[in-house]
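Architecture and fold: a report
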Amino acid sequence: MPRYCKVCGKRLNLGEEHLCMGCFASMPVLEWNPDDGFSPAERILLSERQVQRAASVIQYDKDSNYRKIIYHLKYYNHPDVGVWLSAMGAEKLAGRGFFDGIDIIIPVPLSKRKKRRRGYNQSSYIAYGIRQVTGLPVYEDIIIRTKNRSRQAGLGRFQRWKNATGLYSVARPECLNGKHVLLVDDVMTTGATLCSVIKALCEANSGVRVSVFTLAIANGQ
């Protein structure tokens, strides 16, 4: 079957993967450098004292065609694009020490209803891409969703935080003893979902340390 660029729709040539060369060259990739101060992701999570570091691979803008990468990952049954992009981002971050000291990877879980409808958890595929680069183990059964919620998309900042409160619990707190966890999600907007997961982790085990990796961060954050 012909393959097409997930941004512009142009037919891909041999050797091109997911994006054509033009779209790949112009992709809004973010840099993470521990000597440059707080990253955009770290600024959102400043209130979470357990967070050691945080980074995102690309900038997400709802008015940009690059938003289609996330749409393909979440809604169009192309989880392989999450593996590809997260592995690319992890390669850069690994060379700058981002994964130093991290023990395990935990993807943010979906509700059972969403996972049943979608057929997969996109954050798990992002975690698998990181594992390809780092060799770190992925644990999908430590954090569980305790209830469903309405969609976050389209909600204001306050509504997002209220909507994400109390959604998660820890099924196996003993697995967190002395661990530095890499928490993985697809897009960070206000940080409400991630902070809810971090709170659950820290309530289950006060000694846990957390770093955060997201595939994208919303424009303006």
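Definitions and limits used
Residues numbered from 1 in each chain as written. Predicted model: local features only at pLDDT ≥ 70, side-chain atom pairs only at ≥ 80, totals over all residues. Heavy atoms only, no water. Pairing = 2+ DSSP bridges. Helix = DSSP H or I, 4+ residues; strand = E, 2+ residues; numbered from the N terminus. Axes fitted to C-alpha atoms, helices over the stretch in contact; angles between N-to-C directions. Contact = heavy atoms within 4.5 Å. Patch = residues over 30% accessible without salt bridge, like charges linked within 9 Å, V, L, I, M, F, W, Y side chains within 5 Å. Areas by Shrake-Rupley, 256 points an atom, 1.4 Å probe, with all protein chains shown as cover. Salt bridge = Lys/Arg side-chain N within 4 Å of Asp/Glu carboxyl O. Lys, Arg positive; Asp, Glu negative; His and termini not counted. Charge placed at Lys NZ, Arg CZ, Asp CG, Glu CD. Parallel < 35°, antiparallel > 145°, perpendicular 65-115°, else oblique. Left-handed = near helix turned anticlockwise from the far one by under 90°. Nonpolar A, V, L, I, M, F, W, Y, C, P; charged D, E, K, R; others polar.

Some details on the sheet that holds strand β1 (residues 51–60)
One open sheet accounts for four strands, arranged β1-β6-β5-β2; its pairing is parallel. For this open sheet the edge positions go to β1 and β2 (104–107), each flanked by a neighbour on one side alone. Shown here is a sheet whose adjacent strand axes are inclined to one another by a mean of 20°, direction ignored. Relative to strand β6 (residues 209–218), strand β5 (residues 180–188) runs parallel, the two sharing eight bridges. When the sheet's bridge partners are listed, valine 187 is paired in β6 with alanine 216. Where helix α3 (residues 67–74) meets the sheet, its contacts fall on β1, β5 and β6, and the angle it forms with β1 comes to roughly 105°. Of the strands in this sheet, β1, β2, β5 and β6 are in contact with helix α8 (residues 192–204), which crosses β5 at around 160°.

Observations regarding a positive patch on the surface
Taken together, the side chains of Lys112, Arg113, Arg116 and Arg117 define a basic patch exposed on the protein surface. Topologically, arginine 116 is positioned in helix α5 (residues 112–118).

Quick word on the packing of helix α4 (residues 80–94) against helix α6 (residues 122–134)
The description of two packed helices rests on the angle between their axes and on the distance between the axes. It is the contact of α4 with α6, at a shortest axis distance of 7 Å, that shows an interaxial angle of 45°. Between α4 and α6, the crossing angle belongs to the class labelled oblique. Once α4 is placed against α6, the crossing between them reads as right-handed. For the pair formed by α4 and α6, the contact residues are Gly82, Val83, Ser86, Ala87, Ala90, Glu91 and Ala94 on the first element and Tyr125, Ile126, Gly129, Ile130, Gln132 and Val133 on the second. Each residue belonging to the contact of α4 with α6 can be placed in one class, and the counts come to eight nonpolar, four polar and one charged.

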